[in-house]
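Chain by chain, the residues:
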Amino acid sequence: MAASPVSAGPPAVFEPWRPHGWLLAFTLAGVLGIVIGLGIALFAPRGEFAGERYHLWRWQAETFVPTLARIAGIGPEPAEAASDEAVRRYFALTSQLRAEAAQPNPDLALIAALENERATYENDVERFVSSALTEVIATAGLQRPLPLFTGVTITWPPVAFELTSPPRLLVRSPRDRIERAGDTLLQPGLTLADIERIEAQADTADTVSIVVSLGGLAAYPAIVRDDRTYASVLETAAHEWVHHYLAFYPLGQQWGKGGDAEVLNETVASIAGRELARLVMLRHPIDFPPGEDGSAPPAGRNPDIDFGAEMRSLRLAVDDLLAQGRVAEAEQLMEQKRQELAANGIVIRKINQAYFAFYGTYADSPQSSNPIGPLFETLWAKTNDVGEFLRLARGITSREQLEQLVAALGGAP
């Protein structure tokens, strides 16, 4: 984002729930149960790929107690004046790591040294981002009264995430249509050979698959990918918090029930997460030197290529071909477009029905042709306020209900 003056650091009001942290430490078990339940419903491990599967329960077991301690206010807090500097150092090191990893023969010893140094700033960055998000959530009017303390409002669930390497996800789709037909969480450290072997095992005459990298996962605490830009980390942390928030309302409780449930949830989380991240950057601008915000080095991409327009056009063409039963032609078109993009510096390993099934879950993305995306964009345009948007969206349980709400607000159904 645009460079701007360094802020003075997060004020104490960032964490209004701390005086009652002991109560949250106990009641947060309810959040954990709901989130694990959602995770099990979507990511229940299959018997195959036993050696490569990612077990979400292990993440919860390893991080739950430290998360409770942090929420309850147990442990040292970073000095306010050091927060901005910690953020700058963390993402400068991330840029160095990404630059070294992109080399033809990366120096593994240097990568290890950079990772070790970056780890010293990780907790400060997590606290800073959590505090900043908590502040804008409160400003948006999304806090709730604390049970038994009616005069106290809190951010619920508390913002909690860890910067780490998220698991990968094996996504399956029928060949004759674009539809998520079973996902499996996999370990984050898979090699390309591992990925290709897993995909080959998952593919059948009627099913295609793809292993994708996740930016985040709404466990509790959320898993947020640690090798991306500051803006991306903010947006992902906010996105996953929105999932935590929605778990207490009808929309989030639809997750795993099929139909449009996942698309509704993911699209709301994308729109609201972007806005919460934008508000954090407005309230707490951090001045990053050029190329030190966690970004990767330039990859020689053709600036004349509009990736969004290309993917949108491809998705619509593929939908049309599949609807006509011309599966082989659709697959040929996807591979042709993949090669064209690669020739212009946009390298995508594989584009198939499963690729569009996964990214199409986010209906506001160019890879989606779902009308839920434009409907939620209209709802956002009508509200233009993240608090009002979420208060309206959290009660939606179907596309028909969304259409009725948009129409009632004067938007096109």
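Rules and cut-offs
Residues numbered from 1 in each chain as written. Predicted model: local features only at pLDDT ≥ 70, side-chain atom pairs only at ≥ 80, totals over all residues. Heavy atoms only, no water. Core = buried A, V, L, I, M, F, W, Y, C linked by side-chain atoms within 4.5 Å. Buried < 20%, exposed > 50% of the residue type's maximum accessible area, 1.4 Å probe, protein only. Helix = DSSP H or I, 4+ residues; strand = E, 2+ residues; numbered from the N terminus. Contact = heavy atoms within 4.5 Å. Salt bridge = Lys/Arg side-chain N within 4 Å of Asp/Glu carboxyl O. Axes fitted to C-alpha atoms, helices over the stretch in contact; angles between N-to-C directions. Parallel < 35°, antiparallel > 145°, perpendicular 65-115°, else oblique. Left-handed = near helix turned anticlockwise from the far one by under 90°. Nonpolar A, V, L, I, M, F, W, Y, C, P; charged D, E, K, R; others polar.

> Hey, could you run me through the nonpolar core in this one?
Soluble globular proteins tend to bury their nonpolar side chains together. Ranked by internal contacts, the top residues of the largest apolar core, which has 54 residues, are Tyr230, Phe376 and Leu390. Top element by residues in this core is helix H8 (residues 261-283). It accounts for 10 residues. Those residues in contact with Leu390 that sit more than four places away from it in its chain are Leu142, Val242, Tyr245, Leu246, Val268 and Ala272. Among the nonpolar cores identified, the runner-up in size contains 31 residues, and Val318, Val327, Leu341 and Ala354 belong to it.

> Help me understand the pattern of salt bridges, please; the structure alone is not making it clear to me.
Pairing is possible between side chains of opposite charge, provided their charged atoms come close. Inspection of every chain in the model, using the stated rule, returns 24 salt bridges. The residue Glu329 makes a salt bridge to Arg326 at a minimum N-O spacing of 2.7 Å. Judged by relative accessible area, which is 33%, Arg326 ranks as partly exposed. Overlapping salt bridges bring together Glu52, Asp194 and Arg197 as one network.

> Please clarify how the packing of helix H9 (residues 307-323) against helix H10 (residues 327-343) should be interpreted in this entry.
Working note: a packed helix pair is described by the angle between its axes plus the distance between those axes. Interhelical geometry of H9 versus H10 gives an angle of 165° and a closest axis separation of 8 Å. In terms of orientation, H9 lies roughly antiparallel with respect to H10. Taken as a pair, H9 and H10 cross one another with a handedness that is right-handed. Of the residues in H10, those touching H9 at Phe307, Glu310, Met311, Leu314, Ala317, Val318, Leu321 and Leu322 are Val327, Glu329, Ala330, Leu333, Met334, Lys337 and Leu341. Looking at the contact of H9 with H10 residue by residue, the classes come out as 12 nonpolar, no polar and three charged.

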